[in-house]
Amino acid sequence: MNGSMHIGDDKDRDRDVGGSTPTVTIADSRLAQVGDLSVRRALPQRTRRTVGAWCFADHFGPATFSGDDRPDVGPHPHMGLQTVTWLVSGELVHRDSLGSEQKIKPGQLNLMSAGKGITHAEEASSPFRGTFHGIQLWIAQPEETRNGDPSFEHHRELPRVYLSNGAATVLVGSFAGITSPARRDSDHLGIELDLRTGKAIMPLQRDYEYALIVLSGALAFEGHIIEPGHLAYLGDGRDECTIGVRSPTRAILLGGVPIAEPILMWWNFVGRTRDEMIDAYRHWEDDDGWFGHVKSRLDRIPVAPPPWMVNR
Ligand code: MN
């Protein structure tokens, strides 16, 4: 999960830092492999680690599976983050160390809060045949909850906001006065846009920074074309935005108040210090129960120690 970085548009990136001037920066996602699934990792970028508290975005598919490979991930731990799982097509069964077992279908939300530690597996039906498409996002938990108890939520239905040429589904946070029932530990927003050709005008918050990830189709925004495989960072300081829709498009809009505290990400963990990562690594390696146990037909995922542990 720690593949080499391939980053585009570095030359344009420095302008973003610290300003409150609206900006647009398009960066390439990098290809990564998660089990049998190749993903386009839009976050983190080398010079754009977070958007609000959003710290990770893997866009997977669309990929067609005929039975031999499976788009699933065996038991692995998380710490200090929430996972947001959103499908456009296909289905998965989530299992975790709290005993949750939950099938997720397109249009539904799985939200897992890891806190001090949890283990989960995401299983495709076996054999899986069909098209698999979606996104998994992580939200860095704030100091107040990151060492708290883990929890899991499934939302079968989420509120929608109707725009002139489509709809926005509110996964987490508030958009146009409509609030998702999903748990939120910091001031952030995630919506899915399902848009027809035309022009979409959307209300934004000046104190939020925003980014768009296109899942299918293409958007036009302030002279840029935004297609799948990129992170379009929109900066902060906007009251609204007008997006051109070139063809029927599905996209994720992320937003939030920029996080003040620097976070450290390693493997499946979000923390603040290297020592926390060493502790988490040891708990997983020793299988000492810190992360709990999950019943799954899949194998537990191993990891090499963090490099700063090997060197001391
Ligand atoms: Mn996971």
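The residue count restarts for each chain, going from 1 along the sequence in the order it is written. It should be noted that, the model being predicted, local features are given only for residues of pLDDT at least 70 and side-chain atom pairs only at 80 or more, the latter also being counted only at that level, while totals for whole chains, interfaces and linings use all residues. Calculated side-chain values reflect all of the structure's heavy atoms, with hydrogen atoms and water omitted.

Engineer: Just give me the short version of the sheet that holds strand S11 (residues 129-140), but keep the residues and values in it.
Structural biologist: With antiparallel pairing, 7 strands are arranged side by side in an open sheet as S2-S3-S4-S11-S6-S9-S12. Only two strands of the sheet have a single partner each, and these edge strands are strand S2 (30-34) and strand S12 (151-155). Averaged over all adjacent pairs, the angle separating strand axes in this sheet is 20°, with direction ignored. DSSP bridges decide pairing: two strands pair if at least two such bridges lie between them. Segments assigned H or I by DSSP are reported as helices when at least four residues long, segments assigned E as strands when at least two residues long, and all are numbered from the N terminus. One ladder, built from 8 bridges, connects strand S6 (residues 81-89) with S11; its direction is antiparallel. The residue bridging Leu87 from the neighbouring strand is Gly134, located in S11. Inter-axis angles, ranging from 0 to 180 degrees, are taken between N-to-C directions of lines fitted to C-alpha atoms, where helices are fitted over the stretch in contact.

Engineer: Kindly report on the coordination of the manganese ion, identifying the contributing residues and their values.
Structural biologist: Reference geometry at the metal: tetrahedral coordination by four donors gives ideal angles of 109.5 degrees; octahedral coordination by six donors gives 90 or 180 degrees. Coordination of the manganese ion by the protein comes from His76 (NE2), His78 (NE2) and His120 (NE2), over a distance range of 2.1 Å. Each metal site lists N, O and S donors within 2.8 Å (3.2 Å for Na, K and Ca). With water left out of the atoms, a site can look as if it is missing ligands. The motif formed by the donor residues of the manganese ion, counted along the single chain, is H-x1-H-x41-H. Here His76 and His78 have matching classes, each one buried. Type-normalised accessible area, obtained with a 1.4 Å probe on protein chains alone, sets the label of each residue: buried when under 20%, exposed when over 50%, and partly exposed for intermediate values.

Engineer: Tell me about helix H2 (residues 274-286), and please be specific about residues and values.
Structural biologist: Given 3.6 residues per helical turn, the α-helix brings residues three or four places apart onto the same face. When the terminal C-alpha atoms of H2 are compared, their 18 Å separation across 13 residues agrees well with the 18 Å that a helix rising 1.5 Å per residue should span. Along H2, the positions that sit buried rather than exposed are Met277, Ile278, Ala280, Tyr281 and Trp284. Taken end-on, H2 shows its buried residues confined to a sector of 165°, consistent with a single buried face. Contacts are assigned to residue pairs that have any heavy atoms within 4.5 Å of one another. Looking at the buried positions of H2, the neighbouring elements they touch are strand S5 (73-78), strand S10 (118-123), strand S23 (264-266), strand S24 (269-271) and helix H3 (307-310). A helix is expected to span 1.5 Å multiplied by its residue count minus one. This arc is taken over the directions from the axis of the helix to the C-beta atoms.

Engineer: So what's going on with the pairing of strand S7 (residues 92-96)? Residues and values would help.
Structural biologist: In terms of burial, S7 is largely enclosed, as 5 of its 5 residues are buried. The alternating pattern of S7 places Leu92, His94 and Asp96 and Val93 and Arg95 on opposite faces, both of which are buried. Judged from the 4 bridges that link them, S7 and strand S8 (residues 101-104) form a sheet pairing that is antiparallel. Within S8, the residue paired with Leu92 across the bridge is Ile104. In textbook terms, the turn of a hairpin is the stretch between consecutive antiparallel strands, and for S7 and S8 this stretch comprises 4 residues, one of which, Gly99, has a positive phi near 95°.

Engineer: Explain unusual backbone geometry to me, using residue names and the numbers behind them.
Structural biologist: Excluding glycine, residues mostly carry a negative phi; peptide bonds, for their part, are mostly trans. Note the cis peptide between Leu43 and Pro44, where omega equals -5°. Tracing the backbone shows Pro44 in the loop between strand S3 (37-43) and strand S4 (54-66). Residue Pro62 is bonded to the preceding Gly61 through a cis peptide linkage, with omega at 5°. Structurally, Pro62 is set in strand S4. Despite not being glycine, Ala176 has its phi angle at roughly 50°, a positive value.

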